[in-house]
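Close look at the chain arrangement
Letter by letter, the chains look like this.
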Amino acid sequence: MSARRSHLPEPNRIERVPNARGEDTSFYVTTPIFYVNDVPHIGHAYTEVAADVLARWHRQRGEDTWSLTGTDEHGQKIMRTASANGVSPREWADKLVSEAWKPLLDTLDIANDDFIRTTDERHERTVAMFLQELYDAGHIYAGEFEGYYCVGCEEYKRLADLETPESGEFAGRLVCPVHGRPVEVLKEQNWFFRMSAFQDRLLKLYEEHPAFVQPASVRNEIVQFVKQGLEDLSISRSSFDWGVRVPWDDSHVVYVWFDALLNYISATGYGDDRAEFERRWPAVHIVGKDIARFHAVIWPAMLMAAGLEVPKTVFGHGWLLVGGEKMSKSKLTGIAPNQITDVFGSDAFRYYFLSAITFGQDGSFSWEDLSARYQAELANGLGNLASRVVAMVDRYFDGEVPELGALERGDEFILDASRQAVLQANDAIDRFALDEAVEAARRLVTTLNGYITDEEPWALAKDPSARERLATVLGIAVRGLKTLAVLLAPVIPKASARLWPALGGDGELAAQDIRVAIESGGGRVSLLDPPLFPRVELLEQSAD
Ligand code: MSP
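Residues numbered from 1 in each chain as written. Predicted model: local features only at pLDDT ≥ 70, side-chain atom pairs only at ≥ 80, totals over all residues. Heavy atoms only, no water.

**What to know about the overall build of the protein**
- Helices and strands together make up the secondary structure of the protein, namely 19 helices and 18 strands.
- For 544 residues, the compact-globule estimate of 2.2 N^0.38 gives 24 Å, and the protein sits close to it at 26 Å.
- Taken over the C-alpha atoms alone, the protein extends approximately 90 × 75 × 40 Å along its principal axes.
- In the protein, 77% of the contacts between residues at least 6 apart in sequence involve partners at least 24 apart.
- With an accessible surface of roughly 23,800 Å², the protein has 48% of that area assigned to carbon and sulfur atoms.
- Taking the average location of the 56 positive side-chain charges in the protein and that of its 82 negative ones, the two points are 2 Å from each other. (Helix = DSSP H or I, 4+ residues; strand = E, 2+ residues; numbered from the N terminus. Rg over C-alpha atoms; globule rule 2.2 N^0.38 Å. Contact = heavy atoms within 4.5 Å. Areas by Shrake-Rupley, 256 points an atom, 1.4 Å probe, with all protein chains shown as cover. Lys, Arg positive; Asp, Glu negative; His and termini not counted. Charge placed at Lys NZ, Arg CZ, Asp CG, Glu CD.)

**Considerations on helix 13 (residues 367-396)**
- Along helix 13, the largest kink reaches about 35° and is centred on N384.
- A positive phi of about 55° marks D398, the residue just after helix 13. (Bend = angle between axes of the 7 residues up to and from the residue.)

**Comments concerning the environment of L370**
- Here L370 lies in helix 13.
- Through-space distance from the C-alpha of L370 to that of A348 is 8.6 Å; in sequence the pair is 22 residues apart.

**Brief notes about the nonpolar core**
- Counting 180 residues, the largest nonpolar core has F193, Y206, F258, I286 and F353 as the members making the most contacts within it.
- Among the elements that make up this core, the one with the highest residue count is helix 13 (13 residues).
- Look past the residues within four positions of F193 in its chain and what remains in contact with it is L134, H139, I140, F198, D232, L233, I235, F258, A301, M302 and A305.
- Counting 5 residues, the second-largest nonpolar core is a separate cluster that includes C150, C153, L162 and C176. (Core = buried A, V, L, I, M, F, W, Y, C linked by side-chain atoms within 4.5 Å. Buried < 20%, exposed > 50% of the residue type's maximum accessible area, 1.4 Å probe, protein only.)

**Observations regarding the site of the ligand**
- Taken together, 25 residues lie around the ligand, and I33, T47, D72, L320 and M327 are the ones closest in.
- Taking I33, its main chain carries an N or O atom lying 2.8 Å from a nitrogen atom of the ligand.
- One of the side-chain N or O atoms of T47 is found 2.7 Å from an oxygen atom in the ligand.
- Protein chains bury 95% of the 670 Å² of accessible surface belonging to the ligand in isolation.
- Taken together, the elements giving at least two residues each to the shell around the ligand come down to strand 1 (26-35), helix 1 (42-59), helix 7 (256-261), helix 8 (263-266) and strand 14 (284-288).
- Among the elements that make up the shell around the ligand, the one with the highest residue count is strand 1 (4 residues). (Near = heavy atom within 4 Å. Polar contact = N/O pair within 3.5 Å; in protein donor to acceptor, adjacent residues only side chain to side chain.)

**Description of the sheet that holds strand 11 (residues 236-237)**
- A sheet is described by the order of its strands in space; here 3 strands give the open sequence 11-13-12, paired in antiparallel fashion. Looking at the sheet topology across the chains shown, the edges are occupied by strand 11 and strand 12 (245-246). (Pairing = 2+ DSSP bridges.)

**Structural notes on the pattern of salt bridges**
- Overall, the coordinates contain 37 salt bridges when judged by the stated rule.
- Close ionic contact of R61 with D430 constitutes a salt bridge, the shortest N to O distance being 3.0 Å. Here R61, found in the loop between helix 1 and strand 2 (64-72), pairs with D430, found in helix 14 (residues 409-430); they are 369 residues apart in sequence, far enough to count as distant.
- For R61, a relative accessible area of 7% gives the class buried.
- For D430, a relative accessible area of 48% puts it in the partly exposed group.
- When the shortest N-O distance is used, the salt bridge between E436 and R431 registers 2.9 Å.
- Its relative accessible area of 38% is what places E436 among the partly exposed residues. (Salt bridge = Lys/Arg side-chain N within 4 Å of Asp/Glu carboxyl O.)

**What about the sheet that holds strand 1?**
- Strands sit in the order 3-2-1-14-15-9 across an open sheet of 6 strands; the sheet is parallel. Looking along the sheet, the strands with just one partner apiece sit at the ends: strand 3 (114-117) and strand 9 (213-214).
- Here strand 14 pairs with strand 15 (residues 313-317) via 5 bridges, running parallel. Looking across to strand 15, one finds that I286 is bridged to F315.
- Helix-sheet contacts for helix 3 (residues 89-108) involve strand 1, strand 2 and strand 3, and the interaxial angle to strand 3 is about 155°.
- Its contacts with the sheet put helix 10 (residues 292-305) on strand 9, strand 14 and strand 15, and the angle it makes with strand 14 is roughly 140°. (Axes fitted to C-alpha atoms, helices over the stretch in contact; angles between N-to-C directions.)

**Focus on unusual backbone geometry**
- Q214 connects to P215 through a cis peptide bond whose omega is -10°.
- In this structure, the amide linkage connecting D529 to the following residue, P530, adopts the cis form with an omega of 0°.
- Within the secondary structure layout, P530 lies in the loop between helix 18 (493-502) and helix 19 (540-543).
- Located in the positive-phi region is D109, a residue other than glycine, with phi close to 60°.

**A look at helix 10**
- Between the first and last C-alpha of helix 10 there are 19 Å, a value that for 14 residues agrees with the 20 Å anticipated at 1.5 Å per step.
- At W299, helix 10 shows its largest bend, some 30°, and a proline, P300, comes one to four positions later.
- Counting buried residues along helix 10, 13 of its 14 residues qualify, which places the element largely inside the surrounding structure.
- Just downstream of helix 10 lies G307, where phi reads positive at about 75°. (Expected span 1.5 Å × (residues − 1).)

**Some thoughts on the environment of E231**
- With respect to the secondary-structure elements, E231 resides in the loop between helix 6 (216-227) and strand 10 (233-234).
- Placed 67 residues apart in sequence, E231 and T164 show a C-alpha to C-alpha distance of 24 Å.
- Not counting residues up to four positions away in its chain, the partners in contact with E231 are M195 and S196.

**Describing the packing of helix 12 (residues 346-356) against helix 15 (residues 434-455)**
- Taken N-terminus to C-terminus, the directions of helix 12 and helix 15 make an angle of 110°; their axes are 7 Å apart at the nearest point. It follows that helix 12 is roughly perpendicular to helix 15 by the angle criterion. Across the interface between the two elements, Y351, L354 and S355 from helix 12 touch L434, D435, V438 and R442 from helix 15. (Parallel < 35°, antiparallel > 145°, perpendicular 65-115°, else oblique.)

Written out as structure tokens, the structure reads:
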């Protein structure tokens, strides 16, 4: 018998989740890649945070997780913005990426694994390769097209999708309702992708895999759209040159959306590392509902044409509204993410947007609501509970987390509530109900607060004969809080990373399995100073 190397389990190592074939599961989540024509606002930040929470959550289940974000840098919109600013598109993109889009990831505490730019060599090479494959397989032909183009959307519009305002600057003209600006009539000799050939396969996909497009409202809209009849897609432009050259015709550049969608496979090795690609693909795409069509119609048709698997899910979340309208820079309603994080911190930003808005529906942002929830749920709720429990263990047990004595019904109830919170939150994550996952944790905070109020450990501490009871109550509270530290780690990573060791938690927080409530005590507490969520005075400038 050959000598075996000993594989002692590492402490707290999360057991990996095998899939049906007994392999490690892979979870690959993406955000849209953002246009670099402007700086980010909280609508973009919302998508980033949602995808990051999913990635962190799946990682903490032991899944083979990969998260991707990045920037969309080609096309007319970027070209025009750059020229209006007197620089080349490349210079403009470099500036916006380094000064705005990459710093956004720090502002929001995003733990992405990769950042792709459509001007990366790896991406441009993949676009050319993919296009050539489709051309060689007969999916691309030359044709002529005339249509209404919105540069803001970088999309040809159907007449039925346009508006004709009766008054104002653009009265009587055909206007794109998304950008509120007139469309342009373009007539071009272009290369076309035979997308219409995939209509039936797409409808079958939506029918057989309802989870492919979510939520149901977006799915219904997509199905209706495709049922009306799919046209072929113009995928090249010859009137400008800021893009990837069509490999067999260098007078054309690739249409910016066709180029951009390919980022999801160019970043994971499609062009140069097939093993990596096989390991990651297919992905879960988190996008705003405004761009669900591109992801749930054009993108799977492109993948089908190339003989590749379609994404696992395209989830179209709702819009952040300001004054009842989609927040946007072009309508001057944009709020910069750091206006919020500078006052409340990144954890509060993440917590607030995920808990206050039903994921998949539109939601309105207001400073008053943010401030009220911060105060009630984070500062007075979780933060105060943690500070009090830690302070009592410090004071009554000299910092040693006490052993449990005989359990009473109320104690069992708390242990059970912790297990339920874990089950409910994980179930919610599997349904992309991010708000429900946070809600499950919030309920546990309320339950634990009620337990402390009922058990009155400060009163027990005055009675020497109640020493064992005091130990049990604080020991149970520490276990509940430890469960919360793990459960909330994907949502409020900074606070959780302080809370876990402050409760005497053993090992790395990231190594704790998010599917299991923490039932162990032990260790020493350390005081939370400053508190997890200090009180915040809403500054004048932020309140307006
Ligand atoms: N570049 C394309 C995406 C290409 S993906 C292959 C694009 N970029 S974008 O900069 O306009 O950002 C779009 C995404 O930002 C939306 O899909 C959405 O995720 C997010 N949001 C932009 N405004 C938003 C709101 N007001 N509310 C919520 N999300 C918003 O489209």
